[in-house]
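Descriptive structure summary
Here is how the chains run, residue by residue.
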Amino acid sequence: MFADFDRRLQGLPQDLCAPFHDEARQLETELMMLYRATVLCVRREPEMDRVAARWGEMVQLCEGSLTRLQKLSERHPDCGADIYYDRVLELRSKCQRLHEMHK
Amino acid sequence: MSTTPRDAQIDVPPQELIAGLAKLYDTFAHALDPDAPERDEAERAFSRELCAWYDNSVPDPKPSFHEFRKGVIDRCRRHLIATSKFPTV
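We now turn to the structure provided with this report. These figures come from a predicted structure and were not determined experimentally. (Residues numbered from 1 in each chain as written. Chains lettered and ligands numbered in written order. Predicted model: local features only at pLDDT ≥ 70, side-chain atom pairs only at ≥ 80, totals over all residues. Heavy atoms only, no water.)

Considerations on the interface of chain B and chain A
What counts is decided by this rule: What makes two residues a contact is simply this: any of their non-hydrogen atoms within 4.5 Å. Joining two parts hides part of their accessible area as seen by a 1.4 Å probe, and the buried area is that hidden amount summed over both. A pairing counts as a salt bridge when a side-chain nitrogen of Lys or Arg comes within 4 Å of a carboxyl oxygen of Asp or Glu. Distance and chemistry together define a polar contact, namely a pair of N or O atoms within 3.5 Å, with one atom able to donate a hydrogen and the other to accept it when in protein, and with adjacent residues in sequence counting only for side-chain atoms on both sides. Only DSSP runs of H or I covering at least 4 residues are called helices, and only runs of E covering at least 2 are called strands; the numbering of each starts at the N terminus.
Counting residues at the interface gives 20 residues for chain B and 22 residues for chain A. Together, the buried faces of chain B and chain A total about 2,100 Å²; carbon and sulfur atoms form 55% of this surface. Taken together, the links from chain B to chain A amount to three salt bridges. Note that B:D40 and A:K94 form a salt bridge whose closest N and O atoms lie 3.1 Å from each other. Taken together, the links from chain B to chain A amount to nine residue pairs in polar contact (both at pLDDT 80 or more). Broken down by secondary-structure element, the contributors of at least two residues to the side of chain B that touches chain A are α2 (15–29), α3 (37–56) and α4 (65–82) of chain B. Sorting elements by how many residues they give to the side of chain B that touches chain A places α4(B) first, with seven residues.

Okay, here's the thing in structure tokens:
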């Protein structure tokens, strides 16, 4: 998930905002797909420890996304990265609570 | 028959209480849209009911709230699986 993003980040034009938004939106979309996959995976999982582990992995993915969104924002400080960062931060909080309550 | 201290504290919960909590749990823990307002409302309602149960109905010596909550969630998950709430994938 992150390897392609990191590669594309290097090639983003510094003076344009639209490509930045495209990348941030794609990162968020991929993260959401992984979140939904996690939900479908844990729904029938009988072992609580495994459920906790899946949510823990989701927390790690959110943190990786937050790091990259922050890098994106540093490269494009006027392009409004906060909205994407805030949404991923909220998702991370929810996944962290789910991780905590199942471990 | 209960086999763990955690289960002993919640070994005879009213079925309707578990069913209600299981529905709330299913709504927030398995929400495909994490931004849906009903997802957050369900999590808040679940926490409120759990706290009320823990404070008012769990006898001393109480388990930790973390262990109590985990035990309730385990029962909710078993209820959901037993009542076939989860579709086969």
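What follows continues from the structure just given.
Looking at the packing of helix α2 (residues 18–42) of chain A against helix α3 (residues 48–75) of chain A
Residue and element names in this part refer to chain A. Put simply, the rule reads: In this analysis, axes come from line fits to C-alpha atoms, helices being fitted only over the stretch in contact, and the angle between any two N-to-C directions falls in the range 0 to 180 degrees. Small angles under 35 degrees read as roughly parallel and large ones over 145 as roughly antiparallel, with 65 to 115 read as roughly perpendicular and the rest as oblique. Amino acid classes used here: Ala, Val, Leu, Ile, Met, Phe, Trp, Tyr, Cys and Pro are nonpolar; Asp, Glu, Lys and Arg are charged; the rest, including Gly, are polar.
Two numbers describe how α2 lies on α3: the axes approach to 10 Å, and their chain directions differ by 175 degrees. Judged by the angle between their axes, α2 and α3 are roughly antiparallel. Facing α2, whose interface residues are F20, E23, A24, L27, L31, L34, Y35, T38, V39, C41 and V42, α3 presents V51, R54, W55, M58, L61, C62, S65, R68, L69, L72 and S73. Class assignment for the residues of the contact of α2 with α3 results in 16 nonpolar, three polar and three charged.

Such coordinate-based values are descriptive only and should not be taken to indicate function.
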